[in-house]
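# Per-entry structural report
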Amino acid sequence: MIRRIKRSLFLKWTILSIFLATLLLAIASFTTIRIFHKDLKKSLLEREKGRVNFVVERIEDFFEKITKTLLFISGDENFLNKGLSHAEGHLENILHLTDYFYELTMLNEKGKEVLKVSYELVKPSDLKDQLKSELFQTASKGQFYYGDFFLTKDFMPSMVIAVPLGGLEKKTGGVLSSKVKLQYLWNLISQSQIGAKGITCVVDREGRLLAHSNPMNVLNSLKLKALPKVDEILAGEDGLKQIEDAEGERFYCVVKSVRNLGWRVIVQVPAKEVSQTVSRVTLTAVQWILITFSAGLILSFYIFRKLIFPIKKLSSEMGKVSKGNLNIFIEPKSEDEVGTLTESFNQMVGDLKQSQEALRESEEKFRRIFENSKDMVYMTSSDGEFIDVNQAGVEMLGYGSKEELMQIRAEDTYFHPEERKKFQDEIAEEGFIKDFELKLKRKDGSPIDVLITASIRKNGSGEIIGYEGIIKNITGRKRMEEELLKKSENLQILFDLSKLINQSLDLDEVLSLALDRLMELTGFEMGGIYLIQESGKEFEFKYHKGFSQSFAENVKFLRYGEGICGKAIELKRPISLTIDEYPTPQIKPFLKEEGIQSLISIPLLAKEKPVGAINLATRSSRLMSPKEENLLEIIGNQIGLAIENAKLFSNIAKAKSEWENTFDSVTDLITVRDKDYRIIRANKSAFKRYGLKPEEMIGKRCFESLHQGDQPCEKCYISETLRTKRPITGERYSKYLNGIFKYYTFPIYDEEGEVVAVVDLAREVTQEKRLETEKEVINNI
């Protein structure tokens, strides 16, 4: 038996394998039990520390990305210097290109919000004064401002971040503020769930929850600092801590602070789960050691027998491949290293074949992309000869065929030939150029706007031998940009006009401002405003400029429907016409005396109701385009509404004056007192009877100023009305006024039905009482 073992390498290998496997099993078992129970717990806790570090790093990266974005915007010279219209467009682009901003606000150096873009509708009245706010006071001094965490009305976690305009080094005094969605924070925490009872959460300095593995705890405004042991954790240093809850269950807590924000990230793992994990891993390790021992015994019987033949086969076939034969495949006979080597050999041969096929497919694919691209793809030499161009380029430049275009030099396609030199200079600096804007010339000579993205081609010596790139036709987009710019200008005009005419409620001032602004806007040298009389049957020439006085007197009044203003109001839109087209013959001579050639009438409407019209005239021939008429129609509606508001204000002021005259003409003593017995209003009869001046009564408590007391009078009717909320009538003798008065008190209610003030009417009946007493005495006699 011993001799057989000496001769057989297979038996030697088997005995050696059994011995080594048994030895390794004993060592591994002992080491596993010792190491796992000692070090695995520490490893698991270190993993949780790593999880905390990961969460903190992601939070810090998130806020660093936000602050860098805000600093980039605020430090952009174009953003700061090209006006609010450009800034608004820039902020709207940022809002749509990022997924964490939902509102951006720009504050000037006085703390006034001058621009706000949001996913919600922003009205001018939404712009606030934040001069005294912590946000402005912090950011305007060149520091970052991080606001408090809050939930929006649709439960979106949010906070406010602000930076100084111009960046941290250039303090312009202005501030760029943003409202940031913290959904990323919630998603990050929810993905960090640990075990069955473990939690991950983020809290602020006050212990308020900002994010939690269970978001309902945040929605319920759970304040962790109020929980047992938690404020002890938050007050301490970062690191690993052990706590017990109210039921005595132990937890491991890992705490780490978030830089700049003062937030804490807490990962809490039940100690029971850590212990179970250690036991489970230990058991698994022992099981795998036994499995490995068994597998090693079985595989050792075959490893030697199947080792030599595959290696010889592999060596033979590799020689064939080296001679260029790629149609080679070796069937793997095992799954060990030799089998892996065989598969790698087959993979190598297969990769070589695929590389050849992929090269052919790549050439075909890029040729299809080249031909099917909707943009022009081209290649030219350094001296401007076309080497290749796709069909889209032929159609873009208006040529009949690719061959015809190939006969043209590249510089001949430039609408401005000097731009060819500029293109070559710029692309030579960096080796490429992106979105270079210029005009090209089609075959028929018409210009097209394009963007060129190209790179240079060099030979082995580094010399430029040509250019290749893509040309995109942006003629349609340029036209849309011009129309958008025109619309923006019109909106600015409407805004400026609305702001100008609504700054006053005086009718004459509104008429003057409106006419002056319209004449300045249109360039007409004469203008006048007709207002409809209350009867609704006549127009009155209320205000004019540039017309002679005699003309104004001749057209002072017009019947409803006469003149160009009558026609404009009838159609409810602006109309423009020449003097020969004027609809009322009797007025035409007066217009000709003024030398007028063209006229415009703009109806003034307030909520679809006509209130008048503005007539503009010029001594030159001029008609308005449909777009100009549309703008004037909108302006007319604005002016009409401003005139109507001015009229309403005038009527209200008149009614107020009449009411005050009536109030002061009453001979009875009338005072109005609030819930604190302060006199807030009194008529002239009250001042005269009490012998006090208004400043001696108004704002003073009635029992202090009228009765020199420190509390309401006994059985005070005012107190009774405030208590019962009902009118009270009574009669009493006033020692202060030395007379008998009959009192009437009436409560004044607010919208909720609560009494906010009391009207006190006192009528002196001293003389009537004296007469009644004398009459009673006479009757008794």
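Residue indices begin from 1 for each chain and proceed along its sequence in written order. Since the coordinates come from a predicted model, pLDDT governs what is reported: local features require at least 70, and pairs of side-chain atoms require 80 or more to be given and counted, while whole-chain, interface and lining totals use all residues. Side-chain numbers come from the whole structure's heavy atoms, not from hydrogens or water.

With that out of the way, let us pick up the overall build of the chain. The way it works is that DSSP assigns letters per residue, a run of H or I at least four long becomes a helix, a run of E at least two long becomes a strand, and they are numbered from the N terminus. A count of helices and strands for the chain gives 25 helices and 27 strands. Any residue under 20% of the maximum accessible area for its type is buried, any over 50% is exposed, and the rest in between are partly exposed; the area is computed with a 1.4 Å probe on protein chains only. The burial tally for the chain puts 39% of its 781 residues in the buried class. To measure how exposed things are, a 1.4 Å probe is used in the Shrake-Rupley method; for residues, cover is taken only from the protein chains shown. As displayed, the chain has an accessible area near 46500 Å², and 53% of this comes from carbon and sulfur atoms.

For strand 6 (residues 175-181), a buried count of 5 out of 7 residues is recorded, marking the element as mostly surrounded by other parts of the structure. By the convention used here, strands pair only if DSSP detects at least 2 bridges between them. Pairing between strand 1 (residues 101-107) and strand 6: 6 bridges, direction antiparallel. In the strand pairing of strand 6, L104 is matched with S178. Two strands pair when backbone bridges link them, and strand 5 (residues 157-164) and strand 6 are joined in this way by 7 bridges, in the antiparallel orientation. Within the sheet, the bridge partner assigned to V160 lies in strand 6 and is K179.

All right, on to the pattern of salt bridges then. When a carboxyl oxygen of Asp or Glu is within 4 Å of a side-chain nitrogen of Lys or Arg, the pair counts as a salt bridge. Within this structure, the stated rule accounts for 16 salt bridges. Between K556 and E540 there is a salt bridge, with its nearest N and O atoms 3.8 Å apart. Of the two residues, K556 sits in the loop between helix 17 (549-554) and strand 19 (557-559) while E540 sits in strand 18 (residues 538-545), which places them 16 residues apart along the sequence. What makes K556 partly exposed here is its relative accessible area of 31%. Given a relative accessible area of 15%, E540 falls into the buried group. The residue K725 makes a salt bridge to E754 at a minimum N-O spacing of 3.3 Å.

Cysteine sulfurs are considered disulfide-paired once they come within 2.5 Å of each other. Enumeration according to the criterion identifies 0 disulfides in this entry. With no disulfide of its own, C702 has C716 as its nearest cysteine by sulfur position, at a separation of 5.8 Å. By relative accessible area, C702 is classed as buried at 4%. Residue classification places C716 among the buried positions, given a relative accessible area of 13%.

Attention shifts here to the sheet that holds strand 25 (residues 728-734). Working definition: the strands of a sheet are paired by backbone hydrogen bonds and lie parallel or antiparallel to each other. Strand order in this open sheet of 5 strands is 24-23-27-26-25, and the pairing throughout is antiparallel. The open sheet terminates on both sides in strands that have one partner only, identified here as strand 24 (679-682) and strand 25. Strand-to-strand twist across the sheet, computed as the mean angle between neighbouring axes with direction ignored, equals 25°. In what follows, residue pairs with any heavy atoms lying within 4.5 Å of each other are defined as contacts. Axes here refer to lines fitted to C-alpha atoms; in helices the fit is confined to the stretch in contact. Angles between the N-to-C directions go from 0 to 180 degrees. Sheet strands touched by helix 24 (residues 717-724): strand 23 (669-674), strand 25, strand 26 (739-749) and strand 27 (755-764). Its angle to strand 25, the strand with the most contacts, is close to 160°. Relative to the sheet, helix 25 (residues 766-780) contacts strand 25, strand 26 and strand 27, its axis offset from that of strand 26 by approximately 135°.

Pairing of aromatic rings covers Phe, Tyr and the six-membered ring of Trp, with a centre-to-centre limit of 6.5 Å; geometry is then stacked below 30 degrees between planes, edge-to-face above 60, and tilted otherwise. Counted according to the given criterion, the structure contains 14 aromatic pairs. Plain terms: the ring middles of F63 and Y146 are 6.4 Å apart, the flat faces sit at 80° to each other, and that makes the pair edge-to-face. With F63 in helix 2 (residues 9-74) and Y146 in strand 3 (residues 145-146), this pair connects stretches of sequence that are 83 residues apart. Owing to a relative accessible area of 22%, Y146 belongs among the partly exposed residues under this scheme. Taken together, the ring pairs in this structure connect F62, F63, Y100, F101, F144, Y146 and W263 into an aromatic cluster.

As a further point, take the environment of Y467. Turning to its location among the elements, Y467 is positioned in strand 16 (residues 464-473). As a C-alpha pair, Y467 and A454 span 13 residues in sequence and 6.8 Å in three-dimensional space.

Here we come to the sheet that holds strand 20 (residues 575-578). Strand order in this open sheet of 6 strands is 19-18-17-22-21-20, and the pairing throughout is antiparallel. Every other strand in the sheet has two partners, leaving strand 19 and strand 20 as the edge strands with one partner each. Sheet twist, expressed as the average angle between the axes of neighbouring strands with direction ignored, equals 25°. Sheet topology note: the strand 21 (residues 598-606)/strand 22 (residues 609-618) ladder contains 9 bridges and is antiparallel. Looking at the pairing, A606 lines up with K609 of strand 22.

Turning our attention to helix 6 (residues 183-190). Along helix 6, the residues that are buried comprise L185, W186, L188 and I189. Along the axis of helix 6, the buried positions cluster into a sector of 160°, meaning they face one direction only. In this context, the arc is that of the directions from the helix axis out to the C-beta atoms.

A separate point is the environment of A613. Mapped onto the elements, A613 comes out in strand 22. Residue classification places A613 among the buried positions, given a relative accessible area of 0%. Taking the C-alpha atoms as reference points, A613 and I602, separated by 11 residues in sequence, lie 5.4 Å from one another. Setting aside residues no more than four positions away along its own chain, A613 makes contact with G528, I529, Y530, C565, I569, S601, I602, P603 and L604.

On to the pairing of strand 11 (residues 263-270), then. Counting buried positions over the 8 residues of strand 11 gives 8, a clear majority of the element. Taking every second residue as pointing to the same face, both faces of strand 11 are buried, with W263, V265, V267 and V269 on one and R264, I266, Q268 and P270 on the other. Where strand 7 (residues 199-203) and strand 11 come together, 5 bridges link them in antiparallel fashion. When the sheet's bridge partners are listed, V203 is paired in strand 11 with R264. Two strands pair when backbone bridges link them, and strand 10 (residues 250-258) and strand 11 are joined in this way by 8 bridges, in the antiparallel orientation. Within the sheet, the bridge partner assigned to C253 lies in strand 11 and is Q268. Hairpin connection, strand 10 to strand 11: the antiparallel pair is bridged by 4 residues, and N260 has positive phi, about 75°.

So, on to the confidence of the model for the chain. On average, residues of the chain score 76 in pLDDT, and 76% of them reach the 70 mark or higher. A residue's pLDDT is the confidence the predictor assigns to it, expressed on a 0 to 100 scale. Within the chain, strand 5 carries the highest mean pLDDT (88), whereas helix 1 (residues 2-7) carries the lowest (48). Per-residue pLDDT stays below 50 along residues 4-10; that stretch engages in 7 contacts with residues further than four places along the chain or on separate chains.

Think of a nonpolar core as a cluster: buried Ala, Val, Leu, Ile, Met, Phe, Trp, Tyr and Cys residues, connected wherever their side-chain atoms sit within 4.5 Å. With 48 residues, the main nonpolar core has I59, F63, F101, L182, V202 and W263 as its most contacted residues. A per-element tally of this core places helix 2 first, with 9 residues. With residues near it in sequence (within four places) discarded, W263 still touches F63, M159, L182, L185, V202, V203, D204, L210, K256, S257 and V258. In terms of nonpolar packing, the next biggest core, distinct from the first, is built from 24 residues, F539, F547, A552 and I575 among them.

As for its position among the elements, Y749 is in strand 26. On the accessibility criterion, Y749 (43% relative accessible area) is partly exposed. When the C-alpha positions of Y749 and K725 are compared, they lie 8.7 Å apart, and in sequence the two are 24 residues distant. Apart from residues lying up to four places away in sequence, Y749 is in contact with K725, E754, V755 and V756. Pairs of N or O atoms are called polar contacts if they sit within 3.5 Å, as long as, within protein, a hydrogen donor faces a hydrogen acceptor (for residues adjacent in sequence, only side-chain-to-side-chain pairs). At 2.6 Å, the side chain of Y749 forms a polar contact with the backbone oxygen of K725.

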